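Remarks on the overall topology
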Amino acid sequence: MAFKAPRGTRDILPDEASRWEFLENSFRERCRLYGFQEIRTPIFEHTELFVRSVGESSDIVSKEMYTFHDRSGRSLTLRPEGTAAVVRAYLENGLHEKPHPVKLYYFGPMFRYDRPQAGRYRQFHQFGLELFGSPQPSADVEIMALSYDMLRSLPLPEFRLELNSVGCRECRPGYRERLREYLRFREEELCPDCSRRYRENPLRVLDCKKPECKDLSAGAPLLTQSLCPQCAGHLARVRELLERLELPYVLNPRLVRGLDYYTRTAFEFVAPELGAQASLGGGGRYDALVEECGGPPTPGVGVAFGLERIILLADWKERLEAGPVPVFLAVAGEGLEEEALLLAREIRALGVPAEVELGGRSLKSQMKYAGKKGFARVIIIGSRELEQDRFLWRDMVDGSQVLVSREELRQRLLEQEG
Ligand code: HAM
C-alpha cells in the first residue's frame, strides 16, 4: 500500500519551494530594515503554555490542538501559533532584561486540527513579528507598516487592513456584560458553537460566520462605543498615525480575534479573493500576556501571516528574483565528463548555476532533456573544440549555435541576466 500524507498536510515541491524562498527572503529583508531579529523556538511546548495564553475558551485550545503525552507522561502540544512560544522564550532566556523594545520575527510550521479546505490546513506556516516593551500607538503602527511593506513586496491582488480595539481589562468586562444582555433573549437563535461562546466569551459571537449569528449580531452594541478613555485615545492615535503614513485601513468594530490575549488594538489583513479563508494575517496588542506567563508587566504587539494563503493568492508569473541564467553542460562523446565537471566548477564560481550531464546519454537525448527542463542555453563540450580551448554555445530559444573561446564563454555567461 502506498502511503499518503496525513489529511490537512501538504508537500511543498520544488517549483513551489522557489516561491517560498522568494517570500522568506523578501520578509527577512524587510525585517532587517526595521531592526527585527530572528528567533527560533521548538515545534512543541508544554500544553499549559497555550491553555494559559491563547485561552481555554478559544476554538484553538478547546478543539484544535495536537496534544499528546510523551513517554514520561508530560502533556505536550504542537504549537498552534507562535506568540505564546516567543513570550516563553523571551522570559526564559532573559531577553526581558535587554534594552527595549525587543523586536523579533519567526518563520515556521504551526498545527491546528481544523477542517481542511483551500487555504486551511492542519500543518500550515506562519511568518510572525513580536515587539515587546512599548505601550505606544507608534509600536502598533510600526508593526502594521512593516506588514504593509512585506505584503506590497509581493505580487498580491487587492487586500485591506481592518482595524478595531478590543479594549482592556478595565473596559472589556462591562462591554461583555452588555453584549451578553443583548444576546440573552436571542440565545436560542444562535448556532450551537455560539451558544457555548455566549456563556464563555460572548465577544466571539461577533466573529461567527454563520448567517444566523451574523444577522443576530448585526444589531449588537459595539465595543468601540464602550472603550475607556485610555483605550479610545490609543485607537484614535493609531488611526492618526496610519493616516499620516498613508496606510489605508477600514475600521471594523466587529473584528474580534480568535485568541484571548489581545488588548486594545486588533487588526487583520483581509484578501476578499480568498473567500472563506480571507485572512492573510492578523495580530494586535497583548499588554497583559507577558505578565500572565510569569514575567514582569510588559506591553507587546505583533502579527502573524499565513504563508500558504499568501502563496495561493499571489500571481507568481515573472516575479521570481532575476539572476544569472542557468546553463546545461552537454558532452559530445565519451570520456568528456571530467571536462564537464571542471568547466561546471569554473562556471559556478562565477555565480552562474550550471548542471552537467550525469546520465551518459547521447548528445541528442541530452539536448532533449535540456529542452524539457527549460534551459535557455547549453554549452556543448566536444573533443575537437576542446583541443583549441573552445566550446559550442547553443541558444535553445532560437536554435543558433556558435563556437566560443573560454573567455568569450565567461563574458556571455555573465552578460545576460534572466
Ligand atoms: P491567527 O489569526 O490565529 O493569529 O493566525 C494568523 C494567520 O495564520 C491567519 O491570518 C491565517 O492567515 C493563518 N492561519 C491560521 N490558521 C490557519 C490554517 N489552519 N491554515 C492556514 N493558515 C492559517 C495568530 O496566530 C497570532 N499568534 C498572531 C499574532 C502574533 N498576534 C500577535 N502576534
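Residues numbered from 1 in each chain as written. Predicted model: local features only at pLDDT ≥ 70, side-chain atom pairs only at ≥ 80, totals over all residues. Heavy atoms only, no water.

**Observations regarding the site of the ligand**
In the vicinity of the ligand there are 26 residues, among which Glu81, Tyr121, Glu130, Tyr262 and Ser279 approach most closely. One of the side-chain N or O atoms of Arg257 is found 2.9 Å from an oxygen atom in the ligand. If the ligand stood free it would expose 660 Å²; the protein chains cover 95% of that surface. Among the elements of the structure, β6 (123–132), β10 (279–285) and β11 (300–306) are those that each provide at least two residues to the shell around the ligand. (Near = heavy atom within 4 Å. Polar contact = N/O pair within 3.5 Å; in protein donor to acceptor, adjacent residues only side chain to side chain. Areas by Shrake-Rupley, 256 points an atom, 1.4 Å probe, with all protein chains shown as cover. Helix = DSSP H or I, 4+ residues; strand = E, 2+ residues; numbered from the N terminus.)

**Focus: the side chain of Glu268**
Relative to the elements of secondary structure, Glu268 occurs in strand β9 (residues 263–270). Residue classification places Glu268 among the buried residues on the basis of a relative accessible area of 15%. Only 2.8 Å separates the side chain of Glu268 from the side chain of Arg257, close enough to count as a polar contact. (Buried < 20%, exposed > 50% of the residue type's maximum accessible area, 1.4 Å probe, protein only.)

**Side note on the side chain of Ser153**
Locating Ser153 in the fold gives a position in the loop between α5 (137–152) and β7 (160–165). Here Ser153 falls in the buried class, since its relative accessible area comes to 11%. Polar contacts involving the side chain of Ser153 include one to the side chain of Ser26, which spans 2.6 Å.

**Things to note about the sheet that holds strand β13 (residues 354–356)**
One key point about sheets: their strands pair by backbone hydrogen bonds, in either a parallel or an antiparallel sense. The strand order across the open sheet formed by five strands is β13-β12-β14-β15-β16, and the pairing between neighbours is mixed. The open sheet has two free edges, formed respectively by β13 and β16 (401–405), since each of these has just one partner strand. Between one strand and the next, the sheet's axes are offset by a mean angle of 30°, whatever the strand orientation. Taken strand by strand, helix α12 (residues 337–349) contacts β12 (327–332), β13, β14 (377–382) and β15 (390–395), and its axis lies near 170° from that of β13. (Pairing = 2+ DSSP bridges. Axes fitted to C-alpha atoms, helices over the stretch in contact; angles between N-to-C directions. Contact = heavy atoms within 4.5 Å.)

**Some thoughts on the sheet that holds β11**
If you walk across this open sheet you meet the eight strands as β1-β5-β6-β11-β10-β9-β7-β8, and the pairing is mixed. Two strands in the sheet have a free side with no partner beyond their single neighbour: β1 (37–38) and β8 (250–251). Bridge count between β9 and β10: six bridges; the pairing is antiparallel. Paired with Phe269 across the bridge in β10 is Gly281. Here α5 sits on the sheet and contacts β6, β7, β9, β10 and β11; the angle it forms with β11, its principal contact strand, is near 20°.

**Quick word on helix α4 (residues 83–92)**
Counting buried residues in α4 gives nine out of 10 residues, a clear majority hidden from the surface. Considered for burial, the residues of α4 that qualify are Thr83, Ala84, Ala85, Val86, Val87, Arg88, Ala89, Tyr90 and Leu91. Directly beyond the C-terminal end of α4, a positive phi value near 70° is found at Gly94.

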